[in-house]
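# Working through the structure, step by step
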Protein chains: 2
Amino acid sequence: MSDVFVGIDLGGTFIKVGCFDSQLKLLAKVSAPTEVQKSAEAVIDNITRAAERCVSEAGFTMADVPAVGLGCPGPARYSEGIIEAATNFPSFRNVPVRRMLSDRLGGKTIVFENDANVACFGEFAAGAGKDVDDMVFFTLGTGIGGGIVNKGKLLAGVGDNAAELGHIIIYPDGRLCNCGQRGCIEAYSSATNTAKRATEAVEKGQPSSLKKVLDEKGEITCKDVYDHLKTGDKLAKQITDETAKALALVCINMLHTTEPKRIVFAGGMIAAGDILLNRIRDYFNEHIWKLQKETVEICFATLGEDAGIIGAAALAKKAAE
Amino acid sequence: MSDVFVGIDLGGTFIKVGCFDSQLKLLAKVSAPTEVQKSAEAVIDNITRAAERCVSEAGFTMADVPAVGLGCPGPARYSEGIIEAATNFPSFRNVPVRRMLSDRLGGKTIVFENDANVACFGEFAAGAGKDVDDMVFFTLGTGIGGGIVNKGKLLAGVGDNAAELGHIIIYPDGRLCNCGQRGCIEAYSSATNTAKRATEAVEKGQPSSLKKVLDEKGEITCKDVYDHLKTGDKLAKQITDETAKALALVCINMLHTTEPKRIVFAGGMIAAGDILLNRIRDYFNEHIWKLQKETVEICFATLGEDAGIIGAAALAKKAAE
């Protein structure tokens with residue numbers, strides 16, 4: 001059988017498309033500008049052209065594609081296939097993305113999902129979770145996205161907002177999150193907030209080699225924190241410890257909720273490497289209950305930026321089964 | 001069709017059995033001493049006799065029973081049907097409860113589940129959650145038990161410990177829980193810990209009408225706290241507020257995890273009534289994100305102590321479908 005599957009990662013700047021065989025092996029990859037400043041029609045046309053080009057580059061035609069997966073950042077009414085209003089797509093107002101793309105692709109089945117869920121499913125189908133049935137996924141970027149796979153399926157709730165794991169409250173009445181809550185894990189352990197906590201500490205006068213970075217560049221990034229951690233800066237260590245501890249606590253809470261076999265962290269921040277991963281594991285072991293020995297595995301994602309297109313293709317494949 | 005279903009709630013003191021028709025209407029109810037001080041064989045015999053008597057009182061025979069549900073407190077290896085070692089059953093050592101009961105009942109299908117999961121499924125099938133597909137359940141007693149129903153099914157993880165919701169950490173490095181963790185919701189909002197926090201405050205000299213209770217009875221119960229709340233005691237209000245706030249925070253965390261339609265609280269503590277329920281709802285509204293209006297419903301259970309036998313029968317019915 002020569003079925004191929006298309007996975008699309010729709011971002012605010014680029015549309016990334018991958019064409020995969022039924023083993024989720026990448027056959028071709030295409031990237032194109034989203035052109036969000038144009039109309040929704042124009043953006044959907046861009047997606048359509050990128051998808052068609054990708055399938056063609058893989059040596060197939062759309063007739064060989066049983067289904068297409070499309071991931072995009074929220075908020076969106078995924079189950080209805082509609083982007084009502086989204087920060088990344090300012091010109092979109094109640095755009096029936098799923099139907100529009102399906103129409104342009106000759107009535108093709110389109111699976112439409114939240115980007116973090118899609119990346120989670122990618123890691124589950126072909127990455128860090130490919131040998132387990134139950135996993136939890138966190139992507140540590142500007143914010144923190146999440147996904148839950150339970151018995152081989154993405155967990156869905158009553159609406160389109162299950163697994164908004166970045167907004168689990170870890171420190172009640174703690175740091176203010178962009179969502180309006182206080183103490184969310186995102187307000188501590190996202191790449192952005194890890195950097196922000198370092199900046200705040202330096203600005204408050206805490207001694208650190210990061211002060212020079214702030215003075216020279218006007219900002220401290222998450223990468224700076226890990227670079228200075230490696231050269232032994234005390235503040236960088238404190239900031240990393242706080243990031244790791246909050247992540248460990250949320251791992252414990254997920255273990256007591258959906259009881260996964262594996263918890264996978266993704267996103268730019270995992271470039272910090274073992275120094276971060278080991279701190280998360282240490283805090284987990286320190287804070288977990290003593291009733292029984294837990295065997296949940298905490299690890300980093302393996303697919304990198306392709307998780308989105310792989311996950312979208314994997315969801316398309318599942319839908320076509 | 002005249003199928004009937006048997007639900008068994010195995011406790012450390014009593015075995016409760018209910019016989020239900022296929023609409024989960026109670027036909028007969030039997031209670032018998034567990035006699036935990038005797039051997040595991042004797043306990044299983046007691047369960048068998050109670051089940052047979054209950055079916056007979058309902059006017060049926062075991063031949064009319066497609067399956068039996070059995071709930072008991074953890075820890076147990078539910079998926080394997082084994083009680084390895086449990087506080088409530090000191091004479092049990094690696095007892096294959098499910099197989100032994102099945103053997104005595106002529107090879108009957110036995111569904112074996114954690115008691116909190118069973119009560120959760122009871123409320124879902126016939127109580128406070130009967131009109132929804134997705135709910136989360138907390139039972140507030142000596143400890144806090146939990147259950148999650150997702151798309152009409154009890155959520156299970158990789159082992160037998162999904163939905164151990166009492167051990168979600170709400171206050172990192174907070175009060176020590178029996179499980180060995182710090183800051184578990186159970187360490188704040190169980191009936192036992194609500195009473196304990198009141199006792200500690202009185203012992204520390206905080207002024208309260210509860211001091212007289214402690215002096216006279218030597219202890220403060222959770223009921224005392226709510227009685228004194230109703231007569232305007234400030235400490236009782238503070239303790240209740242802390243209980244309610246921690247429960248509200250865990251509701252927010254569950255909304256961001258499995259996104260239920262309804263969150264149901266059960267257990268002796270709900271006798272406190274609307275004064276507690278309204279405080280939980282108030283704190284929820286105060287602390288929930290502002291990204292969108294949430295419509296999750298927070299309410300109290302409706303089945304009382306029968307939730308266990310109803311839930312066990314409902315699980316048996318589901319297994320027989």
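The notes below deal with the structure included here. (Residues numbered from 1 in each chain as written. Chains lettered and ligands numbered in written order. Predicted model: local features only at pLDDT ≥ 70, side-chain atom pairs only at ≥ 80, totals over all residues. Heavy atoms only, no water.)

### Digging into the overall build of chain A
- Of the regular secondary structure elements, chain A holds ten helices and ten strands.
- Whereas a compact globule of 321 residues would reach a radius of gyration of roughly 20 Å, chain A reaches 20 Å, a difference of no more than 12%.
- The 321 residues of chain A split such that 60% are buried.
- Of the accessible surface of chain A, which amounts to about 12900 Å², a share of 50% is contributed by carbon and sulfur atoms.
- Positive and negative side-chain charges in chain A, numbering 36 and 41 respectively, have mean positions lying 2 Å apart. (Helix = DSSP H or I, 4+ residues; strand = E, 2+ residues; numbered from the N terminus. Rg over C-alpha atoms; globule rule 2.2 N^0.38 Å. Buried < 20%, exposed > 50% of the residue type's maximum accessible area, 1.4 Å probe, protein only. Areas by Shrake-Rupley, 256 points an atom, 1.4 Å probe, with all protein chains shown as cover. Lys, Arg positive; Asp, Glu negative; His and termini not counted. Charge placed at Lys NZ, Arg CZ, Asp CG, Glu CD.)

### Comments concerning the relation of the copies chain A and chain B
- With an axial shift of 0.0 Å and an RMSD of 0.0 Å, the rotation relating chain A to chain B amounts to 180°. In symmetry terms, the pair is related by a two-fold rotation axis.
- The overlap is high: 100% of the interface residues of chain A also sit at the interface in chain B, so the same surface is used on both sides. (Least-squares fit on C-alpha atoms with pLDDT ≥ 70 in both. Contact = heavy atoms within 4.5 Å.)

### Quick word on the side chain of Thr 34 of chain B
Residues and elements named next belong to chain B.
- Following the sequence through the fold, Thr 34 ends up in the loop between strand 3 (26-33) and helix 1 (40-57).
- For Thr 34, a relative accessible area of 0% corresponds to the buried category.
- Within the structure, Thr 34 has its side chain in polar contact with the backbone nitrogen of Ile 15 (distance 3.5 Å).
- Once residues lying within four places of it in the same chain are set aside, the contact partners of Thr 34 are Leu 10, Gly 11, Gly 12, Thr 13, Phe 14, Ile 15, Val 43, Asn 46 and Phe 89. (Polar contact = N/O pair within 3.5 Å; in protein donor to acceptor, adjacent residues only side chain to side chain.)

### Remarks on the interface of chain A and chain B
- With 43 residues of chain A at the interface, the matching set in chain B holds 43 residues.
- Across the chain A-chain B interface, the total number found is two salt bridges.
- As a salt-bridge pair, Lys 245 of chain A and Asp 173 of chain B come within 2.4 Å of each other at their nearest N and O atoms.
- Connecting chain A to chain B are 30 residue pairs in polar contact (both at pLDDT 80 or more).
- Across the side of chain A that touches chain B, the residue classes tally to 21 nonpolar, 13 polar and nine charged. (Salt bridge = Lys/Arg side-chain N within 4 Å of Asp/Glu carboxyl O. Nonpolar A, V, L, I, M, F, W, Y, C, P; charged D, E, K, R; others polar.)

### A short note on the packing of aromatic side chains
Residue and element names in this part refer to chain B.
- One pass over the structure, following the stated rule, counts ten aromatic pairs over all chains.
- When the centroid spacing of 5.3 Å and the interplanar angle of 20° are considered together, the rings of Phe 138 and Phe 265 count as stacked. Of this pair, Phe 138 sits in strand 6 (residues 135-140) while Phe 265 sits in strand 9 (residues 262-266); the two residues are 127 residues apart in sequence, bridging distant segments of the chain.
- In this structure Phe 138 comes out as buried when scored by relative accessible area, which is 0%.
- Centroid distance Tyr 171 to Tyr 188: 4.9 Å. Interplanar angle 55°. Geometry classified as tilted. Of this pair, Tyr 171 sits in the loop between strand 8 (153-154) and helix 4 (186-189) while Tyr 188 sits in helix 4; the two residues are 17 residues apart in sequence, bridging distant segments of the chain.
- For Tyr 171, a relative accessible area of 22% gives the class partly exposed.
- Take Tyr 188: its relative accessible area is 12%, and that puts it in the buried class. (Phe/Tyr/Trp six-rings, centres within 6.5 Å; stacked < 30°, edge-to-face > 60°.)

### What to know about the pattern of salt bridges
Residues and elements named next belong to chain A.
- Summed over the entire model, instances satisfying the criterion amount to 46 salt bridges over all chains.
- With a shortest N-O distance of 3.6 Å, Glu 305 and Lys 16 are connected by a salt bridge. Taken as a pair, Glu 305 in the loop between strand 10 (297-300) and helix 10 (307-320) and Lys 16 in strand 2 (residues 14-21) lie far apart in primary sequence, 289 residues in all.

### Re the packing of helix 5 (residues 191-203) of chain A against helix 6 (residues 210-217) of chain A
Residues and elements named next belong to chain A.
- Here helix 5 crosses helix 6 at 95°, and the two axes come no closer than 10 Å. Relative to helix 6, the element helix 5 lies roughly perpendicular. Residues Ala 198, Thr 199, Val 202 and Glu 203 of helix 5 touch helix 6, and the partners they reach there are Leu 210, Lys 211 and Leu 214. (Axes fitted to C-alpha atoms, helices over the stretch in contact; angles between N-to-C directions. Parallel < 35°, antiparallel > 145°, perpendicular 65-115°, else oblique.)

### Remarks on the side chain of Thr 199 of chain B
Residue and element names in this part refer to chain B.
- The residue Thr 199 is located in helix 5 (residues 191-203) in this model.
- Accessibility expressed as a relative area gives 15% for Thr 199, which makes it buried.
- Thr 199 has contacts with Leu 214 and Ile 220, leaving out every residue within four places of it along the chain.

### Some remarks on the pairing of strand 7 (residues 144-150) of chain B
Residues and elements named next belong to chain B.
- Taken across its seven residues, strand 7 has seven buried, putting it largely inside the fold.
- Neither face of strand 7 is open: one carries Ile 144, Gly 146, Ile 148 and Asn 150, the other Gly 145, Gly 147 and Val 149, and all of them are buried.
- Counting the residues in the hairpin turn of strand 6 and strand 7 gives three residues.
- Where strand 7 meets strand 8, two bridges bridge the pair, whose relative direction is antiparallel. In the strand pairing of strand 8, Val 149 is matched with Leu 154.
- Where strand 7 hands over to strand 8, the hairpin turn is made up of two residues, of which Lys 151 adopts a positive phi near 50°. (Pairing = 2+ DSSP bridges.)

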